[in-house]
Amino acid sequence: MEIPIRTTLILFLTVLSFGLAQAQAIKSFPLDEQTVYHLKVGTDKVTTLVFPQPITALEGSAITADPKTPAKMFLSYHAGDRFVSVRSLVDPATAVLNVIINRKVYVVELATDKEPFQSVTFYPMDEPPAQSAGQPNVGPSRLLGLLDKAKAFPILADQYPEMVSQIDQAEPFTRTLYRGFEVILTKVFRFDAEDALIFQVEFVNDTDQPIYYVPQSLAVRVGAGVYWSALSDASGIMTAGLKDPKTGRVTSGHSAGYFVICGTSQGERNHLSVQNKFNVLVFRQEQP
C-alpha cells in the first residue's frame, strides 16, 4: 500500500515535534559548585532533580516542603534521597534552592515557565553518568520511549507483532489496600534488554475528597525488596468519588497512572519477572 506524501510528512513532523518536546523537557548537566543553574518549572507538571549522591540538606527561599506554609513553590523531598521534586504554585514565580551534598553547595534558581523541565539529571564533572557492570545505561529519554511502547502495546501487538515479540506482559489485577483508597495493578510489562518494568495502575478513591500522593515515590515491594520508580507518568491526584446527597453513599473515583522500575538502587539488574507478586507503594501528601 502506498502512503501519500502528505501523510508521510505529517507523520515525520509529529515524530520530530515529539522528539523536540522530549529534548526540552529532559535535561542533563555536569554538577559544578561554581555554576548557578537556571531551571524552568511548571504549575501543572512536576520537575524532578536527580543528583549523583544523596542530598545532605536543602536550603531555599520562596519555596516550602510544608503545605501549610505559604510560598510560591512547593518542594517534595525525603531524607536520604538523591532526588527532589518541585512545582510552582503560582505563575509567575521564582525561587532559589541551595542543595548541599558532601559539604558542597549547589545553587539552583527556579522560574515558572509554560514549557518546564520535567527531568533534570546532574552528573559528576569528571566522569560520564555511571554504568554498572551488567546494567544497561538507560537514560530518561529511553525510559520514555519504553513507556510509550507499553501504552501502545495493544495497537503494536495487533498491527506490528514483531515489535513487541520480546516484551513480557501480564495483567495481574492485584489490589493493594490503603486507608480510603486502593491501587489495582492492571498491567506489567518487562523490557529485558533494559532490565525495566513498566506498571500500569488504577487508583480507586473511596472518599468524596481528592487524595494527593507523590508520583516520583511510587514503588513496588517484592518479598523483602523495595524497588523505586525511575520515571512516573501520574498526576499525583486521585479523583474524588461522588457522594449521593440523599443516602451519603460514595461512588468511588477512578484515575490511572504509570511508573517505571529500572535495575536496582545499587545499580544492578533486578531480574524481576512480570509474574512476581507486586505490592504497589504509594506515599500520600497533604494538598500542595
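Higher on the page you've got the structure.
Residues numbered from 1 in each chain as written. Predicted model: local features only at pLDDT ≥ 70, side-chain atom pairs only at ≥ 80, totals over all residues. Heavy atoms only, no water.

> Any chance you could explain the pattern of salt bridges here in plain terms?
Where side chains of opposite charge bring their charged atoms close, a pairing between them can arise. This model, assessed by the stated rule, comprises 9 salt bridges. The shortest N-O distance in the salt bridge between Lys 104 and Glu 33 comes to 3.8 Å. With Lys 104 in strand S9 (residues 104-112) and Glu 33 in the loop between strand S1 (26-31) and strand S2 (36-41), this residue pair connects regions lying 71 residues apart in the sequence. The exposure class of Lys 104 is partly exposed, given its relative accessible area of 38%. The salt bridge involving Lys 151 is made with Asp 233; its shortest N-O contact spans 2.3 Å. Taken together, the residues Lys 151 in helix H2 (residues 140-151) and Asp 233 in strand S18 (residues 231-233) connect sequence positions 82 residues apart. Each of the salt bridges in this network shares a partner with another, and the network as a whole consists of Arg 190, Asp 192, Asp 195 and Arg 269. (Salt bridge = Lys/Arg side-chain N within 4 Å of Asp/Glu carboxyl O. Helix = DSSP H or I, 4+ residues; strand = E, 2+ residues; numbered from the N terminus. Buried < 20%, exposed > 50% of the residue type's maximum accessible area, 1.4 Å probe, protein only.)

> How should I be thinking about the sheet that holds strand S17 (residues 225-228) in this particular structure?
Across a sheet, strands are paired by hydrogen bonds formed along the backbone, either parallel or antiparallel in direction. As summarised here, the arrangement of the 3 strands in space is S17-S16-S23, forming an open sheet in which the pairing is antiparallel. Looking along the sheet, the strands with just one partner apiece sit at the ends: S17 and strand S23 (279-281). Across the sheet, the mean angle from the axis of one strand to that of its neighbour is 30 degrees, orientation sign disregarded. Relative to S23, strand S16 (residues 219-222) runs antiparallel, the two sharing 3 bridges. (Pairing = 2+ DSSP bridges. Axes fitted to C-alpha atoms, helices over the stretch in contact; angles between N-to-C directions.)

> Explain the side chain of Asn 205 to me, please; I cannot follow it from the model alone.
Tracing the backbone shows Asn 205 in strand S14 (residues 196-205). We classify Asn 205 as buried; its relative accessible area is 0%. Side-chain polar atoms of Asn 205 contact the side chain of Thr 207, separated by 2.8 Å. Excluding its chain neighbours within four sequence positions, the residues that come into contact with Asn 205 are Gly 180, Phe 181, Pro 210, Ile 211, Met 238, Thr 239, Ala 240, Gly 241, Ser 252 and Gly 253. (Polar contact = N/O pair within 3.5 Å; in protein donor to acceptor, adjacent residues only side chain to side chain. Contact = heavy atoms within 4.5 Å.)

Purely spatial values, then, with no claim about function.
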